[in-house]
Amino acid sequence: MDANSLTPKARPARLSATDPGITDPVFSVRGLNLHYGSAQALHGVHMDIPRHCVTALIGPSGCGKSTLIRCFNRMNDLVENVRIEGLITFDGRPIDDPLLDVSELRRQVGMVFQKSNPFPKSIYENVAYGPRIHGISRRADLDAIVERSLRSAALWDETKDRLNDNATGLSGGQQQRLCIARALAVDPEVILLDEPCSALDPISTARVEELIQELKGRYTLIIVTHSMQQASRVSDYTAFLYLGRLVEYGPTEQLFLNPMCRQTEDYITGRFG
């Protein structure tokens, strides 16, 4: 095998600009249309989300990134006048199945929002809240879950001696990692991150990005980001959306170095957006 065969261009070709050939998807999206009243926010989105990878959603403001990510745990159900058409399956099961327990779906598909939102409780109680809701009450079990979750979120060493302190006293970056620990505490399969670093300083952003890399071997992560640099650093796959349509989707390195669509190239090179 010569050295040239290892370059990005020598990788197997994508099936199309929007189909990277995912063989074991955790989510499959088919013909997804979403309307807020009379305004259509998503148009015929068709994509598969790979398991145990980081998938980034990029595109200019208003392109449908946050709307799409909130479809995966049915958060859009809480928005008035939303109408959704098409099919989303999670591990092969339609998420709009009438027999599906939406609370269980949201346990398996955790979410971290743009602005950190710790509960006005102690650090310990923030992490223990979810397990308590799901029926775990024995103190020893909760102690183990809290420690494991804070360790997984790279926050244990900073908080182990102050678990009874109010979580609102943490720094912004620590609060965001606490929210990640809170999501991990209920043992999810997927973690959705909706612009998790947009309100953070560069040092805190770097910590969260390092954490994302550490978590991806155990969880599937989907991240919405305005930062193409962040997408290129943390993700395995990147999807570019524009005006509610999926324009291009593929391995991050290929999409950034060798995009198949002119619109993608124009966006990542700063010609618009």
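Up top you'll find the structure we're talking about.
So, how was this worked out
Every chain is numbered independently, its residues counted from 1 as its sequence is written. This being a predicted model, a pLDDT of at least 70 is required before a residue's local features are given, and a value of 80 or more before pairs of side-chain atoms are given or counted; all residues contribute to the totals for chains, interfaces and linings. Here the side-chain values reflect all heavy atoms present in the structure, with hydrogen atoms and water set aside. One requirement defines pairing of two strands: DSSP has to find at least two bridges between them. By the criteria applied, helices consist of DSSP H or I runs no shorter than four residues and strands consist of E runs no shorter than two, each listed in order from the N terminus. For every element, the axis is a line fit to its C-alpha atoms; helices are fit only across the contacting stretch, and the angle between N-to-C directions ranges from 0 to 180 degrees. Here, residues are in contact when the closest pair of their heavy atoms is within 4.5 Å. Every definition here rests on a 1 Å grid over the protein atoms only: cavities are sets of points where a 1.4 Å probe fits but cannot get out, pockets are open sets enclosed by protein on both sides within 12 Å along at least five of seven lines, and lining residues have some atom within 4 Å of a point. Grid points are joined across faces, edges and corners, and a volume is the space filled by probe spheres set on the points. Lys, Arg, Asp and Glu make up the charged group, whereas Ala, Val, Leu, Ile, Met, Phe, Trp, Tyr, Cys and Pro make up the nonpolar group; the residues left over, Gly among them, are polar. Put simply, a salt bridge is a Lys or Arg side-chain nitrogen that is within 4 Å of an Asp or Glu carboxyl oxygen. The term nonpolar core refers to a set of buried residues drawn from Ala, Val, Leu, Ile, Met, Phe, Trp, Tyr and Cys, joined through side-chain atoms within 4.5 Å. Summary of the burial criterion: residues with accessible area below 20% of their type's maximum are buried, those above 50% are exposed, and those between are partly exposed, where the area comes from a 1.4 Å probe applied to protein chains only. Two aromatic rings from Phe, Tyr or Trp, using only the six-membered ring of Trp, form a pair when their centres are within 6.5 Å; if the ring planes differ by under 30 degrees the pair is stacked, by over 60 it is edge-to-face, and anything between is tilted. Any Lys NZ or Arg CZ that is within 6 Å of a ring centre and within 35 degrees of that ring's normal is treated as a charge sitting over the ring. Working rule for angles: under 35 degrees goes down as roughly parallel, over 145 as roughly antiparallel, 65 to 115 as roughly perpendicular, anything else as oblique. It is the rotation of the near helix from the far one that decides the hand of a crossing: anticlockwise by less than a right angle makes it left-handed, clockwise makes it right-handed.

Caption draft 1: Highlighting the sheet that holds strand S8 (residues 220-224). Taken in spatial order, the 6 strands of this open sheet run S6-S7-S8-S3-S9-S10, and their pairing is mixed. Of all the strands in the sheet, just strand S6 (109-112) and strand S10 (245-251) have a single pairing partner and so form its edges. Averaged over all neighbouring strand pairs, the angle between strand axes comes to 15°, with direction disregarded. Two strands pair when backbone bridges link them, and strand S9 (residues 237-242) and S10 are joined in this way by 6 bridges, in the antiparallel orientation. Following the sheet pairing, Thr-238 is matched in S10 by Gly-250. Packing of helix H6 (residues 172-184) onto the sheet brings it into contact with S6 and strand S7 (190-194), and relative to S6 it is tilted by some 170°.

Caption draft 2: Seen up close, the layout of surface pockets. Size it by volume and the largest pocket reaches roughly 560 Å³. Taken together, 19 residues form the lining of the largest pocket, with Arg-106, Gly-110, Met-111, Arg-182 and Val-186 sitting closest to its centre. Among the elements of the structure, helix H2 (102-108), S6, helix H3 (123-133) and H6 are those that each provide at least two residues to the lining of the largest pocket. Here the residues of the lining of the largest pocket are counted per class, giving 10 nonpolar, 6 polar and 3 charged. Lining the second largest pocket are 13 residues, with Arg-74, Asp-77, Ile-84, Ile-95 and Asp-96 positioned closest to its centre.

Caption draft 3: Representation of the pattern of salt bridges. Here the structure, examined in full by the defined rule, presents 20 salt bridges. In this structure, Glu-189 and Arg-51 form a salt bridge, with 2.7 Å as the shortest nitrogen-oxygen distance. Taken together, the residues Glu-189 in the loop between H6 and S7 and Arg-51 in the loop between strand S2 (39-50) and strand S3 (54-58) connect sequence positions 138 residues apart. In this structure, the salt-bridge partner of Glu-85 is Arg-83, at a minimum N-O distance of 2.6 Å. Bridged by salt links that share partners, the residues Asp-24, Arg-51, Asp-91 and Glu-189 form one connected network.

Caption draft 4: The sheet that holds S2, seen in detail. Strand order in this open sheet of 4 strands is S2-S1-S4-S5, and the pairing throughout is antiparallel. The strands lining the two open edges of the sheet, one partner per strand, are S2 and strand S5 (93-94). Two elements, strand S1 (residues 25-36) and S2, share 8 bridges in a ladder whose sense is antiparallel. If you follow Val-29 over to S2, its bridge partner there is Met-47.

Caption draft 5: Layout of the nonpolar core. One finds Leu-150, Leu-178, Ile-180, Ile-191, Leu-215 and Leu-221 to be the most contacted residues of the largest nonpolar core, which totals 45 residues. Considering every element that reaches this core, the biggest residue donor is H6, with 6 residues. Listed in part, the 35 residues of the second largest apolar core include Cys-53, Leu-68, Met-111 and Val-224.

Caption draft 6: Molecular detail of the side chain of Gln-175. Assignment of secondary structure puts Gln-175 in helix H6. Beyond its immediate sequence surroundings of up to four residues, Gln-175 is in contact with Ser-116, Pro-118, Ala-167, Thr-168 and Leu-170.

Caption draft 7: Quick look at the packing of aromatic side chains. In the structure shown here, the tally under the stated rule is 5 aromatic pairs. Each residue in the set Phe-27, Phe-72 and Phe-90 is aromatic and connected to the rest through ring pairs, giving one cluster. The aromatic ring of Phe-119 is capped on one face by Arg-182, whose charged end is 4.1 Å from the ring centroid.

Caption draft 8: Broad picture of the environment of Trp-156. Tracing the chain through its elements places Trp-156 in helix H5 (residues 156-159). Among the residues examined, Trp-156 registers a relative accessible area of 13% and is labelled buried. Along the primary structure Trp-156 and Ile-145 are separated by 11 residues, whereas in three dimensions their C-alpha atoms are 12 Å apart. With residues up to four places along the chain from it excluded, the contact list for Trp-156 reads Glu-147, Leu-150, Arg-151 and Leu-163.

Caption draft 9: Structural view of the packing of H3 against helix H4 (residues 139-152). It is at 9 Å that the axes of H3 and H4 come closest, and there the two elements cross at 115°. Judged on the interaxial angle alone, H4 and H3 are roughly perpendicular. Here the hand of the crossing between H3 and H4 comes out right-handed. Residues Ile-123, Tyr-124, Val-127, Ala-128, Pro-131 and Arg-132 of H3 touch H4, and the partners they reach there are Arg-139, Leu-142, Asp-143, Ile-145, Val-146, Ser-149 and Leu-150. When its residues are assigned to classes, the contact of H3 with H4 shows 9 nonpolar, 1 polar and 3 charged.

Caption draft 10: Focus on the packing of H4 against H6. Between H4 and H6, the shortest axis-to-axis distance is 8 Å and the interhelical angle comes to 130°. Relative to H6, the element H4 is oriented oblique. With respect to the hand of their crossing, H4 and H6 are arranged in right-handed fashion. Touching Ser-149, Leu-150 and Ser-152 of H4 are Leu-178, Ala-181 and Leu-184, all from H6. Of the residues assigned to the contact of H4 with H6, the class counts are 4 nonpolar, 2 polar and no charged.

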